[in-house]
Amino acid sequence: MSGFEALFAALTPLNLLLALAGVISGTVIGAIPGLTATMAVAVLVPLTFGMPPAPALILMGAIYTGAIYGGAYSAILLNTPGTPSAIATTLDGLVGAIALLTLAPPLSRVALAFGPVEYFWLAIFGLSLISAISEGSLLKGLAGGALGLLISCIGVAEVSADVRLTFGSQTLVAGINVVAALIGLFCIPVLIDLVATPGQHLQVVAEPRGFRLGEAVRVIMQRKFNLLRSSIIGTIVGILPGAGGSVAGIVAYSEARRAARPGEHYGKGEPGGVIASESANNATVGGGFIPTLVLGIPGTPPDAVILGALLVQGMRTGPTLFTDYALIVYTFIWSLLIATILMLPAGLLLGRYAYKSIITLPKALLVPSVAFMTIIGTYAIRNSISDVVIMIVLGVIGWILGRFGFAAAPIVLGLILGPIAEQGFVQAWTIGSAQQDLVGMFFGRPISIAIIAFTVFSLLSPLLMRRWKLKPEVAHVE
Amino acid sequence: MARGRRFILGCAAIATAAFTAAAAAYPTKSVDYIIPFGPGGESDITARLQQPFFKQMFGQDLVVSYKPGGGGAVGWAELNKHPGDGHTIMGVNLPHIVLQPAEKNVGYKTEDLTVVYWFHFTPDAIVVKADSPYKTLQDLIDDAKKNPGKVTFSGSGKGTANHLAQVRFDKMAGIKTTYVAFAGTGPSNTALLGGQTSAAWGYTTSAASLGDQARVLAVAMEERHPSFPDAPTFKELGYDLVSGAYRGIAVPNSTPEDIRKKLSDMIGKINADPEFKKKMLDGGYAMLDVPYEKNAEFMEKQSKAFIEAAKEAGILK
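What you are looking at is a predicted structure, and each value in this text was computed from that prediction instead of being measured.

All right, on to the overall build of chain B then. For chain B, the helix and strand inventory stands at 12 helices and 10 strands. Within chain B, the fraction of its 317 residues that count as buried is 56%. Sequence separation of 24 or more characterises 76% of the internal contacts of chain B that already satisfy a separation of 6 or more.

Of the regular secondary structure elements, chain A holds 23 helices and 2 strands. Looking at chain A as a whole, 53% of its 478 residues qualify as buried. Looking at chain A alone, contacts between residues at least 24 apart form 81% of all its contacts between residues at least 6 apart.

What follows is about helix H21 (residues 408-434) of chain A. Think of an α-helix as turning once every 3.6 residues; residues three or four places apart then point the same way. Residues and elements named next belong to chain A. Relative to the 39 Å expected for 27 residues at 1.5 Å per residue, H21 spans 39 Å between its end C-alpha atoms, a close match to the ideal helical length. Taking the largest bend as the criterion, H21 deviates by roughly 40 degrees, centred on Leu417, and proline Pro419 comes between one and four positions later. Counting buried positions over the 27 residues of H21 gives 20, a clear majority of the element. Following H21 by one or two positions, Gln436 adopts a phi angle in the positive range, close to 50 degrees.

It is worth spelling out the packing of helix H3 (residues 42-58) of chain B against helix H10 (residues 257-272) of chain B at this point. Residue and element names in this part refer to chain B. Remark: H3 packs on H10, axes separated minimally by 10 Å, with the N-to-C direction vectors making an angle of 115 degrees. By the angle between their directions, the pair H3 and H10 is classed as roughly perpendicular. Every pair of crossing elements has a handedness; the one defined by H3 and H10 is right-handed. Along the contact surface, H3 presents Gln50, Phe53, Phe54, Met57 and Phe58, while H10 presents Met266, Lys269 and Ile270. Broken down by class, the residue content of the contact of H3 with H10 amounts to 6 nonpolar, 1 polar and 1 charged.

The biggest cluster of nonpolar side chains holds 140 residues, and the ones touching the most others in it are A:Val412, B:Val127 and B:Ala250. Ranked by residue count, the leading element in this core is H21(A), at 13 residues. Dropping the residues within four chain positions of it, B:Val127 is found in contact with B:Leu192, B:Ala199, B:Ala200, B:Gly202, B:Ser206, B:Ala207, B:Ala214 and B:Val216. If you look at the next biggest cluster of nonpolar residues, it comprises 51 residues, including A:Val23, A:Ile24, A:Leu293 and A:Met343.

This next bit is on unusual backbone geometry. Residue B:Pro27 follows B:Tyr26 across a cis peptide bond; omega there is -5 degrees. Inspection of the secondary structure puts B:Pro27 in the loop between helix H2 (21-25) and strand S1 (31-35). Cis geometry is found at the peptide bond from B:Leu94 to B:Pro95, where omega equals 5 degrees. Along the chain, B:Pro95 turns up in the loop between strand S3 (88-94) and helix H5 (96-103). Look at A:Leu165: it is not a glycine, yet its phi comes out positive at around 50 degrees. Mapped onto the secondary structure, A:Leu165 falls in the loop between strand S2 (163-164) and helix H10 (170-173).

Residue and element names in this part refer to chain B. A residue-level look at chain B finds 91% of positions with pLDDT of 70 or above and a mean pLDDT of 88. In the model of chain B, helix H1 (residues 2-19) stands out as the element of lowest mean pLDDT, 50, in contrast to helix H6 (residues 137-146), which has the highest, 96. Counting interchain partners and residues more than four positions distant, the pLDDT-below-50 stretch residues 15-19 has 0 contacts. Taken over the whole predicted complex, pTM reads 0.69, whereas the ipTM for its chain interfaces reads 0.75.

Summarising burial for H5(B): 7 of the 8 residues are buried, a large majority. The set of residues buried in H5(B) consists of B:His96, B:Ile97, B:Val98, B:Leu99, B:Gln100, B:Pro101 and B:Ala102.

What follows deals with the packing of helix H7 (residues 116-128) of chain A against H21(A). Each pair of packed helices can be described by the angle between their axes along with the distance between the axes. All names here are of chain A. Axis separation between H7 and H21 bottoms out at 7 Å; the angle between their running directions is 150 degrees. Judged by the inter-axis angle, H7 sits roughly antiparallel to H21. For the pair H7 and H21, the sense of crossing is left-handed. Contacts from Pro116, Val117, Tyr119, Phe120, Ala123, Ile124, Gly126 and Leu127 of H7 reach H21 at Leu413, Gly414, Leu417, Ile420, Ala421, Gly424, Phe425, Gln427, Ala428 and Ile431. Here the contact of H7 with H21 is composed, by residue class, of 14 nonpolar, 4 polar and no charged.

Here we take up the environment of A:Leu460. Residues and elements named next belong to chain A. With respect to the helices and strands, Leu460 occurs in helix H23 (residues 446-477). On the basis of neighbour count, Leu460 is assigned to the exposed category, with 12 C-beta atoms found within 10 Å. Between the C-alpha atoms of Leu460 and Ser128, which are 332 residues apart in sequence, the distance is 9.6 Å.

Tracing the chain through its elements places B:Asn93 in strand S3. On the basis of neighbour count, B:Asn93 is assigned to the buried category, with 25 C-beta atoms found within 10 Å.

This part takes up the confidence of the model for chain A. Residue and element names in this part refer to chain A. Overall, the prediction assigns chain A a mean pLDDT of 72, with 59% of residues at 70 or greater. Across chain A, element-level confidence peaks in helix H22 (residues 438-443) with a mean pLDDT of 92 and bottoms out in helix H5 (residues 73-77) with 52. Note that residues 201-209 has pLDDT below 50 and, in this model, 7 contacts with residues that lie over four places away or in other chains. Under a pLDDT of 50 for its full length, residues 471-478 has, in the predicted model, 0 contacts with residues more than four places off or in other chains.

Moving on, we come to the pairing of strand S7 (residues 199-203) of chain B. All names here are of chain B. Of all 5 residues that make up S7, 5 are buried, and the element is covered over most of its length. Pairing geometry for strand S4 (residues 114-129) and S7, over 4 bridges, is antiparallel. Residue pairing across strands places Val127 opposite Ala200, the latter belonging to S7.

Here the focus is the environment of A:Thr374. Mapped onto the fold, A:Thr374 is located in helix H19 (residues 363-382). Along the backbone, A:Thr374 and A:Ile183 are 191 residues apart, and their C-alpha atoms lie at a distance of 6.8 Å.

Parameters and conventions
- Residues numbered from 1 in each chain as written.
- Chains lettered and ligands numbered in written order.
- Predicted model: local features only at pLDDT ≥ 70, side-chain atom pairs only at ≥ 80, totals over all residues.
- Helix = DSSP H or I, 4+ residues; strand = E, 2+ residues; numbered from the N terminus.
- Buried ≥ 20, exposed ≤ 12 C-beta atoms within 10 Å, placed from the backbone.
- Contact = placed C-beta atoms within 7 Å.
- Expected span 1.5 Å × (residues − 1).
- Bend = angle between axes of the 7 residues up to and from the residue.
- Axes fitted to C-alpha atoms, helices over the stretch in contact; angles between N-to-C directions.
- Parallel < 35°, antiparallel > 145°, perpendicular 65-115°, else oblique.
- Left-handed = near helix turned anticlockwise from the far one by under 90°.
- Nonpolar A, V, L, I, M, F, W, Y, C, P; charged D, E, K, R; others polar.
- Core = buried A, V, L, I, M, F, W, Y, C linked by C-beta atoms within 7 Å.
- pLDDT = per-residue confidence, 0-100.
- Pairing = 2+ DSSP bridges.

Structure representation (structure tokens):
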């Protein structure tokens, strides 16, 4: 029933070797800034066409798992060794894969209940997270979010086909690529700061020797709720068509940050933050494949590439998937599980040695090579030199704004969520008008009401938290 | 004498070989196949169906990449900036490449695009959920007549084949329905399955990918599609609607004539492969063979028909 024959068929030495190779190459490609999981998968998938289905599917699953892990890697390495993240990755890769294995059919219906209006509210909910991310200066956070929304409007609109904010430039018709903007806003300011400040870029901790497995396990056990929460967030976000690891990571991170205990320093290599974003990021793998496999609707961009490859292998999505194409589907799901388990040793080794080589690298070598990789990575997104220019310009803007206290994260949130909110709103408005029930469309649907409630809570939480934090102090004084 | 003659023949052969070497050797490396849409749609799926046959027949990889945005306009606007050696090719779609430039400045003109082959089309179709109260096309028409504007259709994009079909059919049937544009057939299908809209103006292919979850009320073809023997054509039901989205392959306009012809022959060869044909038909596609030589004639006819329909629909002035 759950396809154990497929598991035994998958467990040949050659297939395991392929899985290991896939995990390692996926991690390495994913770890290069700008080379995303989507690209790693798209580049490597044609290799699998000539193979028999089972090894092809196993290689695909392994590349994908490795790429997702590797994608979050470079960011983490700069502050924290890879051990906790490798363990967290493995644990909730398992959560996601098991969810996929057991919940695929029922969960896919949850995703279907999300119509345009739910997407609109979900995007608004995401934007409300700005109030959490930008604790300190809410006004600057909102201004950053608005800037992100404005940037997302540049180019040809997806649904209405209007040309907006291009100022007659043919280059801007293509719009601002989100990945290029992400690389620019997150990497360039770091690079400029590295060059602008003297001294070592990373403090060499006295004892980064060995794998620190015991410490890592302890760190994770202390944060098991964080891990579980983040895995669940990741799985759910993954199921929503279109939303991917980056959204899940941001949501889980800010949720973890919000639930943080005093003494935890988010943004300074706090393991809780790594666990949150990594867990969520990885759990989207399992979650994302649920709508992809059951409905043929990709949950994340790389899923869309995998879906294309599965169609080439002769699989057809739909309700008959788990009967007519059981062998293909279960082999693929098991391959994700196998890759997830292999992720632990591979991630530990790569994390240990990659970390080591990065901290021993002199700054004069690290900065140019990272800068070089960001340029190559940006160019490779869609082979466009304009993307590189846009990436650098946005990076410089991000650095200048950073000097004035505007963080990059709200800008990115606006950029990612802007189109989702716009499309959802236009579609919901059109359908609502047709049904002559706009109020009911926007405020009368159960899932919408729940999302709106979360949004209100999210917006008010900084105030509530302040009051909650004040009370014990008052009590203390008395 | 004989030796001299052979020598001259040999020289001639070498000269000819050198002259056509570029085309004869093509493809010398992997060919980049740019799809100006996101992954998972019809353009992507058919490109990926061609991929293994291309490799098998011509020994080089066909590498599919995506350049989505503006309903394809972003990719087409930059097609001619790519090197014209036949190793960069791009998917093209009708009615997009006719209607977009006719509507406004989108960075390219229809005649800027050098199409070497139109290889299939996806006929428009009205698709409903399997549990929809509309059992026949007449059920839908009756409901739309009773509730003008309340019947909603999800469809792929604005000013697309789906959109035009909706406007044209509304006129033919004397009804008023609401069209909701989604960013591609994938999201349009999601909206249909989630019950967000009453029905979808999709393609035979979207119906094929939905399997048992959906029912086709009618297809805009001359004859019934082999994959949907039970779905009537609009013609059978008395509406003269034959339409759809046509897909082909274009090259940068700097590509030499001999490579354009060779590529056209290559795509034609893939199209003629019985296994490829079967995969296409199973997926709900309808085969089409318009090689490079016949493109001008085909485009003239299609442009005229689409511009006329769009004006009738009020999309073009």
